[in-house]
Amino acid sequence: MTLLVVKNLHKAFGGVAAARDISFEVERGELVALIGPNGAGKSTTFNIVGGQLAPDRGAVELDGVSIVHKPPRAIWRLGVGRTFQIAQTFVSMTATENVQMALQSAATATFGLWRSAHALKRDEAVALLDLVGLADSRDRSVGTLAYGDIKRVELAIALAGAPKLLLMDEPTAGMARGERGKLMQLIVSLARQRGVGVLFTEHDMDAVFAHASRVLVLVRGEIVARGTPAEVQADPLVRRMYLGTYVGARTAGGDGAGGGA
Amino acid sequence: MSLSFMIAQFLNGLASASSLFIVASGLTIVFGVTRIVNFAHGSLYMLGAYFAVTLMQPLLDLSRSFPMFLLGLLVAAALTGLVGLCIEVVLLRRVYRAPELLQLLITFGLVLVIEDLVVRIWGPLELLGPRAPGLRGAITIAGSQVPSYDLFLIAMGPLVFGLVWLVLHRTRFGILVRAATQDRDMVAALGVNQSLLFTGALFLGGALAGFGGALQIPRAAASPQMDIAILTDAFVVTVIGGMGSVPGAALAALIIGQLNAFGIALLPKSTLVLVFVLMAGVLIVRPYGLLGRPEPLSLRVAVPEGFTRLMPPTPALWLMCGLVVAALVVLPLLADAYSQKIAIEVLIFALAAFALAFLIGNGGVVSFGHAAYFGIGAYAAGLAVKRLGFGMEAALLLAPLAGAAGAAVFGVFVVRLQGIYLAMLTLAVAQIVYAVAVQWIEVTGGDNGIVGVWPARWAEGRVTYYYLTLGVSVTGIFVLHRMLHAPFGYALRAARDSAVRADAIGLDVGRLRLLAFMIAGAATALAGGLYAFSKGSIDPTLLAIPQSVDFLAMLLIGGIQQIGGALAGAAALHLLRVWALPLGDMWRMVLGLTIIAIVLVSPQGIVGGVAQLVQRQRRARTSS
């Protein structure tokens, strides 16, 4: 069964339609990129799938179960982990405590009133932080971490629920170029090994075209193109409407480098 | 109900709506611009009334005419505006960057200082002002007598609304005020001189409060108690209308004016309750008031200022706690009877304040009405003993159950809200409980309360009761502390740091907060029960706003970033009060000035300040 099915999603804020008739699917083990200019409706789509927003119309199904109009906490329990465009973490806690919190919630231990929580799920949390490359900073308060590292904490939190579907809103924001590639590589291998479907947005087009299995191009709330990275790059409409500046700039840069050599 | 009666009540309602609006519009403008909930707004209203009483007689002696009366009103308003201006320049300007709770506390410090000054200058008795020349009589409308002064008031409401509207829409200052109300950071980023804007807002707010107070003198005498009374009304109007919205305040004032006028006629005993039920109802349907807007989302990634960081307890901390408890155990051997009584009170307040720290510091649920649960516990214990014939032991078991039940009923509504609206609803709920205690005389004894609530025979001795209190308080604090470090406490703190993230990892934020509200309510009510038996009597002041502010002050004076701050704060505040009480009238002034000084000098509170000193010394030692 298809992991995530989104059908005819529609959402308007006041008179502005942020999502018009959006339909797509995400399979297990694949990375689907949602790209588009600012205000295209990427975060709106994410927030509807994650349960933070309710759509005006349309269906969202996870493994055949409708999750639309369910609260985020219920959607999480059905196997959707997510990160936010503006990272959402527990800033007064250490990185480990952040992940412990998510693990404790997964184990439905959060109404425990007596036993100390300090050691509960600590080893598992440390293992997850190792996985995302944060072993060294695990006992630092999240409020003191660099933004790229906070994004890693968020990823570890999202993974703590052993999700089937990972929603990642700009996972590499705030990271240096080299780190971005490594993090995307990690996500790809996690998706392959664990059969996790990944839906992500990203402004770094290199990351998108290097790692995505499929790409959806969103402009003014509508999906205007979809396909493999190569197909999307070749799409004339996309080139004109959105990628034009990107491809152009890149070609110009390439020419310049060529001229210098 | 006859038509003429309906018309009379309607006009009466309009007159009180006018007065309410004038006061509330000032409060809402000040909040909109500065984001400070100004508890001293009621004090400014009171000052306006006293200024008018003082000015009016000499002015009317010059010429007994209506224009002279009007001049008196305007001068009183302008003087009050100047007081507001001074408050901004001297105090508020220094705390705009401080946590909201500290700002609130400093304005409450001002309430105490101004109340004391008023008693000093004008005396403790009520002062009746002269009546307005030319408006002394009554006019017959549809067969009922309507005082002409009421008609004047009815006209003043729309007039002031029109003038405020003109100021807000036709002057540069007004446009900046509206812009700052919508997005303060953006206005600052555009290079607007903020201190000038804030000073202006406080002048305008103060003048409106003063005008409102001055307008009342022909109807009601000026008294040193009028500040808190009007404050609650003004809060309710601004919250129902939407904080920061002047048209909202007008709409809310109209509704409440009519509700009061007809409510008194239909259900004479329940008007207070009716108003707060309306407020709760409005906030459930519209969580930001009738015409208010949600606060712009803050995008910064930082520890919420002034909230507790929780560290796993260290051996040194346990040792210190052990020493304190040991000292408390031997205390009765060294102290006289009076000191033992004070110590009992400190222990009781420590438990209640710790419960508040549990709720506010760790849970981020800012309660302005903590006294409600203290009072519910005290009344539950007192009523159980006096009316149901319970023993002390059973009554002390009943108290926390009553507190938890009360917190559950109110909490269902409270935990749905955010920020200042949540805080205001807790205040409103506390006022409902207060109103019930005052008005349901057959059961609660009204203002006189209940007397003769004595402990069981075995606990009668002061030393025995001291040990009972010590045992219960220390156990209560220990249990709350366990909960803070258990998964529940963690989850509560997580929900405080980021409700969005908490929800996205499966935490039910509403249920967590509700349970926290109930636990804090139960612990506070237990403290209230202990208090009832220690005093032998109960009265509604246990439930009143000043008692709630006391608990907040304990928390903040002790320091909210360390969970132990509440305990130190409870001891410090109560000892200060005991020390200042023999000063007679002066104690309010001393207390107010101390609160202001602590906020200005050591905003981290006593424990926070000490922790900082220790850290600095440690750093100096390692670097040398």
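Cut-offs applied
- Residues numbered from 1 in each chain as written.
- Chains lettered and ligands numbered in written order.
- Predicted model: local features only at pLDDT ≥ 70, side-chain atom pairs only at ≥ 80, totals over all residues.
- Helix = DSSP H or I, 4+ residues; strand = E, 2+ residues; numbered from the N terminus.
- Expected span 1.5 Å × (residues − 1).
- Buried ≥ 20, exposed ≤ 12 C-beta atoms within 10 Å, placed from the backbone.
- Axes fitted to C-alpha atoms, helices over the stretch in contact; angles between N-to-C directions.
- Parallel < 35°, antiparallel > 145°, perpendicular 65-115°, else oblique.
- Left-handed = near helix turned anticlockwise from the far one by under 90°.
- Contact = placed C-beta atoms within 7 Å.
- Nonpolar A, V, L, I, M, F, W, Y, C, P; charged D, E, K, R; others polar.
- Pairing = 2+ DSSP bridges.
- Domains from an automatic or database assignment.

Our focus in this paragraph is helix 4 (residues 100–122) of chain B. Residue and element names in this part refer to chain B. When the terminal C-alpha atoms of helix 4 are compared, their 33 Å separation across 23 residues agrees well with the 33 Å that a helix rising 1.5 Å per residue should span. Of all 23 residues in helix 4, 17 are buried, a share of seventy percent or more. Backbone geometry just after helix 4 places Gly123 at a positive phi near 85 degrees.

A few words on the packing of helix 3 (residues 95–106) of chain A against helix 5 (residues 147–160) of chain A. Residue and element names in this part refer to chain A. Where helix 3 meets helix 5, the closest approach of the two axes is 8 Å, and the angle between their N-to-C directions is 15 degrees. In terms of their interaxial angle, helix 3 and helix 5 are classed as roughly parallel. You can see that helix 3 and helix 5 cross each other, and the crossing is right-handed. The segment helix 3 lies against helix 5, with Ala95, Asn98, Val99, Ala102, Leu103 and Ala106 engaging Val153, Ala156, Ile157 and Ala160. Tallied by class, residues from the contact of helix 3 with helix 5 come to 9 nonpolar, 1 polar and no charged.

With that out of the way, let us pick up the sheet that holds strand 1 (residues 4–13) of chain A. Residue and element names in this part refer to chain A. Pairing is antiparallel across the open sheet formed by 4 strands, whose spatial order is 2-1-4-5. Strands with a single pairing partner mark the edges of an open sheet, and in this sheet they are strand 2 (16–26) and strand 5 (65–66). By the bridge criterion, 7 bridges tie strand 1 to strand 2 in an arrangement that is antiparallel. Counted as the bridge partner of Ala12 is Ala17 from strand 2. Packed on one face of the sheet, helix 1 (residues 42–50) meets strand 1, strand 2 and strand 4 (57–62) and runs near 120 degrees to strand 1.

Moving on: the domain arrangement of chain A. All names here are of chain A. Partitioning chain A into domains gives domain 1 (4–79 + 163–260) and domain 2 (91–162). Centre-to-centre, using C-alpha coordinates, domain 1 lies 26 Å away from domain 2. Listed by partner, the interface residues are 8 residues for domain 1 and 9 residues for domain 2. Tallied by class, residues from the side of domain 1 that touches domain 2 come to 6 nonpolar, 1 polar and 1 charged.

Facing 27 residues of chain B, the contacting portion of chain A comprises 34 residues. Listed by contribution, the elements that provide at least two residues to the side of chain B that touches chain A are helix 18 (462–485), helix 19 (487–497) and helix 20 (499–504) of chain B. Residue contributions to the side of chain B that touches chain A peak at 7 residues, all from helix 19 of chain B. In terms of residue class, the side of chain B that touches chain A is made up of 17 nonpolar, 3 polar and 7 charged.

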